[in-house]
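Notes for the structure review
Given next are the chains, with one letter for each unit.
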2 protein chains.
Amino acid sequence: MSNGRSPSHKHHKVQTESDSRYEIRLSGSGGQGLIFAGVVLAQAIATIDGRNAVQTQSYGPEARGGASRADLVIADGDIYYPKPMKLDLLLALTQEACDSYYPDLKEDGLLIIDNQLVTQVPTSNYIGFPFVQLAKTEIGVPMVANVIALGAICSVSGIVSVKALTEVVRLRAPRGTDEKNLAALDLGLKLGKKARKEAMA
Amino acid sequence: MSNGRSPSHKHHKVQTESDSRYEIRLSGSGGQGLIFAGVVLAQAIATIDGRNAVQTQSYGPEARGGASRADLVIADGDIYYPKPMKLDLLLALTQEACDSYYPDLKEDGLLIIDNQLVTQVPTSNYIGFPFVQLAKTEIGVPMVANVIALGAICSVSGIVSVKALTEVVRLRAPRGTDEKNLAALDLGLKLGKKARKEAMA
């Protein structure tokens with residue numbers, strides 16, 4: 001943990017966990033494949049040398065509602081506390097998930113939503129895509145909305161490399177679903193790139 | 001957290017995390033479906049009122065080897081530290097996993113192994129089943145060794161109810177695989193029950 005008592009040295013920056021720590025929550029409803037997405041994202045991020053990732057599912061009274069979530073903590077070096085404290089990135093695929101977890105997002109954190117399923121957005125500072133709709137119309141399988149979202153997260157945040165993400169999606173996709181999942185990833189990557197360009201223009 | 005300073009009251013047992021905390025690691029090689037097994041087990045355990053479960057995957061330098069693992073921490077009430085510290089139960093489906101994680105098992109912890117794949121067992125106090133072999137010969141799908149192991153863990157440890165485990169396996173089994181997975185669970189339940197009877201005889 002960062003030691004607040006040590007004097008600051010201008011030319012000797014010590015790499016502490018808090019410098020690099022990045023917290024992500026993927027949320028929505030059960031059946032949207034958010035744990036799969038969390039496992040894939042964590043594994044892909046950790047392919048980068050020196051990066052560590054811990055991916056967590058919590059089940060308990062608060063998880064017995066309809067909202068489902070997968071948490072990730074990423075850091076260069078050791079991760080001392082493996083549960084998110086204040087999110088850098090929140091993906092919300094349902095209104096319930098957005099309502100439940102938006103308070104856990106940092107003030108300047110990145111909110112990515114399904115903009116057809118989340119209709120009451122608590123901020124104007126978000127990026128929205130119709131993930132579930134696109135999964136149906138573009139890929140023909142509503143279940144791959146999670147992987148479209150992973151692609152968008154990759155392009156928008158840059159937290160993971162396209163190469164690693166593609167490899168891990170291919171590795172972990174259930175038998176017979178790899179083509180659809182890779183098409184979904186490609187779509188998400190393109191959507192995210194377009195959104196980033198628009199945000200910068 | 002348990003408060004060591006409070007005086008002990010004979011008739012007023014305070015329920016602390018450490019009273020009920022139970023730590024499990026499911027380990028083997030990538031592709032053996034251990035994360036799936038961890039997710040299923042955590043969700044099934046948390047269906048019991050008041051029980052909480054946190055299920056963790058860690059990716060980093062130590063995870064870039066061949067060993068794969070899924071961790072669970074279970075407690076009545078809040079879980080303060082979500083990563084295992086000393087395991088109550090270790091499932092090891094490969095020699096490498098057994099070698100890597102046996103030192104993390106409590107002295108009186110429960111070691112369950114695939115006794116065809118783990119040939120050098122570091123203790124005589126273990127329970128072994130040929131999970132992968134049985135998955136091939138009895139169910140016809142080597143991939144369900146993970147679910148046979150879940151069934152055995154259920155019968156041997158009693159940490160989860162048969163009903164909850166069956167429900168969650170059915171819910172989470174990939175499309176078209178639920179019959180094979182339920183048959184695998186049933187086989188594991190029977191094997192575990194038999195082993196427990198033999199151990200008690």
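As a convention, each chain's residues are numbered from 1 in the sequence order in which they are written. Numbering of ligands from 1 and lettering of chains from A proceed in the order in which they are written. In keeping with the predicted nature of the model, local features appear solely for residues at pLDDT of at least 70, side-chain atom pairs appear and are counted solely at 80 or more, and the whole-chain, interface and lining totals rest on all residues. Excluding hydrogens and water, the side-chain values take into account all heavy atoms of the structure.

1. As for the sheet that holds strand E1 (residues 22–29) of chain B
Strand pairing in a sheet is mediated by backbone hydrogen bonds. Such pairs are either parallel or antiparallel. Here is the rule we go by: Two strands are said to pair when DSSP picks up at least two bridges between them. Only DSSP runs of H or I reaching four residues or more are called helices, and only runs of E reaching two or more are called strands; each is numbered from the N terminus. To get an axis, fit a line to the C-alpha atoms, keeping to the stretch in contact for a helix; angles then go from 0 to 180 degrees between the N-to-C directions. Two residues qualify as a contact provided that any one of their heavy atoms is within 4.5 Å of a heavy atom in the partner residue.
If you trace the 12 strands from one edge of the open sheet to the other, you get E6(A)-E5(A)-E4(A)-E1(A)-E3(A)-E2(A)-E2(B)-E3(B)-E1(B)-E4(B)-E5(B)-E6(B), paired in mixed fashion. Edge positions in the open sheet fall to strand E6 (127–129) of chain A together with strand E6 (127–129) of chain B, since each of these has one partner strand only. When strand polarity is set aside, the average angle formed by the axes of neighbouring strands in this sheet is 15 degrees. Each of strand E1 (22–29), strand E2 (51–59), strand E3 (67–76) and strand E4 (87–92) of chain A together with strand E2 (51–59) of chain B touches helix H2 (residues 34–45) of chain A; the most contacted strand, E3(A), lies at about 5 degrees to it. Each of E2 of chain A together with E1, E2, strand E3 (67–76) and strand E4 (87–92) of chain B is contacted by helix H2 (residues 34–45) of chain B, which is oriented at about 5 degrees to E3(B), the strand it contacts most.

2. Brief notes about the packing of aromatic side chains
Residues and elements named next belong to chain A. Operational definition: Planes of paired rings set the category: under 30 degrees apart is stacked, over 60 is edge-to-face and the rest tilted, where pairs are Phe, Tyr or Trp rings (Trp by its six-membered ring) whose centres lie within 6.5 Å. Burial classes follow relative accessibility: with a 1.4 Å probe on protein chains only, a residue under 20% of its type's maximum area counts as buried, one over 50% as exposed, and anything between as partly exposed. Consider the ring centre and the ring normal. A charge sits over the ring if Lys NZ or Arg CZ is within 6 Å of that centre and within 35 degrees of that normal.
Per the counting criterion, the structure on display carries 2 aromatic pairs over all chains. Relative to Phe131, the ring of Phe129 lies with its centre 5.2 Å away and its plane at 45 degrees, an arrangement referred to as tilted. With respect to class, Phe129 is no different from Phe131; both count as buried. Positioned over the ring face of Tyr101 is Arg25, at 4.7 Å from the centre of the ring.

3. Remarks on the relation of the copies chain A and chain B
Note the cut-off: Least-squares superposition of the copies uses the C-alpha atoms of those residues scoring a pLDDT of at least 70 in each of them.
Screw-axis analysis of chain A against chain B gives a translation of 0.0 Å along the axis, an RMSD of 0.0 Å, and a rotation angle of 180 degrees. Here the symmetry operator amounts to a two-fold rotation axis. Rotation axis and chain A: the residue whose C-alpha lies nearest the axis is A:Thr56, separated from it by 2.2 Å. When the interface residues of chain A are mapped onto chain B, 100% of them again fall at the interface, so both copies present the same face.

4. Digging into the interface of chain A and chain B
Often, the extent of an interface is quoted as the loss of accessible area upon association of its parts. The line we're drawing: Note on definitions: buried area is the accessible-area loss of two parts on being combined, 1.4 Å probe, summed for both. Side-chain atoms alone can form a polar contact between residues adjacent in sequence; in general such a contact is a pair of N or O atoms within 3.5 Å, and within protein one must be able to donate a hydrogen while the other accepts it. Any residue outside Ala, Val, Leu, Ile, Met, Phe, Trp, Tyr, Cys, Pro, Asp, Glu, Lys and Arg is labelled polar, Gly included; the first ten of those are nonpolar and the last four are charged.
Each side of the interface is counted separately: chain A has 27 residues, and chain B has 27 residues. Counting the surface lost from both chain A and chain B, the interface buries some 2,000 Å², and carbon and sulfur atoms represent 52% of this. Linking chain A with chain B are 4 residue pairs in polar contact (both at pLDDT 80 or more), by the criterion used here. Where the side of chain A that touches chain B is concerned, the elements lending two or more residues are H2 and E2 of chain A. Among the elements that make up the side of chain A that touches chain B, the one with the highest residue count is E2(A) (9 residues). Taken together, the residues that form the side of chain A that touches chain B break down as 13 nonpolar, 9 polar and 5 charged. Note: E2(A) against E2(B), 7 bridges, orientation antiparallel. Paired with A:Val54 across the bridge in E2(B) is B:Ser58.

5. Concerning the side chain of B:Asp88
All names here are of chain B. Tracing the chain through its elements places Asp88 in strand E4. Here the side chain of Asp88 touches Lys106 through a polar contact of 2.6 Å, side chain to side chain. Among residues more than four places away in sequence, those in contact with Asp88 are Arg21, Tyr22, Glu23, Leu105, Lys106, Gly109 and Leu110.

6. Overview of the environment of B:Ile45
All names here are of chain B. Structurally, Ile45 is set in helix H2. When its relative accessible area of 0% is taken as the criterion, Ile45 is described as buried. When the C-alpha positions of Ile45 and Cys98 are compared, they lie 24 Å apart, and in sequence the two are 53 residues distant. Dropping the residues within four chain positions of it, Ile45 is found in contact with Arg51, Leu72, Ile74, Ile159 and Val160.

7. Re H2(B)
Each α-helix turn comprises 3.6 residues. Residues three or four places apart therefore point the same way. As a reminder of what qualifies: The span expected for a helix works out to 1.5 Å for each residue beyond the first.
For H2(B), spanning 12 residues, the distance from its first C-alpha to its last is 16 Å, which sits close to the expected 16 Å at 1.5 Å a residue. With respect to burial, H2(B) is a largely interior element, 11 of its 12 residues being buried.

8. A few points about the confidence of the model for chain A
All names here are of chain A. What counts here: pLDDT is defined as a per-residue confidence score from the predictor, taking values between 0 and 100.
Of the residues in chain A, 88% reach a pLDDT of 70 or more, and the chain-wide mean stands at 88. Of the regions scoring below 50 in pLDDT, residues 1–13 engages in 4 contacts with residues more than four places distant in sequence or in other chains. Across the interface, the model reports ipTM at 0.82; the global pTM reads 0.87.

9. Some remarks on the nonpolar core
Counted only if it meets this: Residue types Ala, Val, Leu, Ile, Met, Phe, Trp, Tyr and Cys, when buried and joined through side-chain atoms within 4.5 Å, form a set referred to as a nonpolar core.
Ranked by internal contacts, the top residues of the largest apolar core, which has 100 residues, are A:Phe131 and B:Phe131. Leave out the neighbours within four places in its chain, and A:Phe131 touches A:Leu91, A:Leu93, A:Ile112, A:Ile113, A:Asp114, A:Ala145, A:Ile148, A:Ala149 and A:Ala152.

10. Observations regarding the pattern of salt bridges
Applied cut-off: The term salt bridge refers to a pairing of a side-chain nitrogen on Lys or Arg with a carboxyl oxygen on Asp or Glu at a separation within 4 Å.
Tallied over the full model, the rule gives 18 salt bridges over all chains. Note that A:Lys190 and A:Asp186 form a salt bridge whose closest N and O atoms lie 3.0 Å from each other. Here A:Lys190 pairs with A:Asp186, and both are found in helix H7 (residues 178–200), just 4 residues apart, close to one helical turn. On the basis of relative accessible area, A:Asp186 is assigned to the partly exposed category, the value being 37%. Ionic pairing is found between B:Lys106 and B:Asp88, a salt bridge with its closest N-O pair at 2.6 Å. Remark: B:Asp88 occurs in strand E4 and B:Lys106 occurs in strand E5 (residues 105–114); sequence separation between them is 18 residues.

11. Concerning the pairing of E1(B)
Residue and element names in this part refer to chain B. A large share of E1 lies buried, amounting to 7 of its 8 residues. Where E1 and E3 come together, 8 bridges link them in antiparallel fashion. Counterpart to Gly28 in the pairing with E3 is Ser68. For E1 and E4, the ladder comprises 4 bridges, and the chain directions are parallel.

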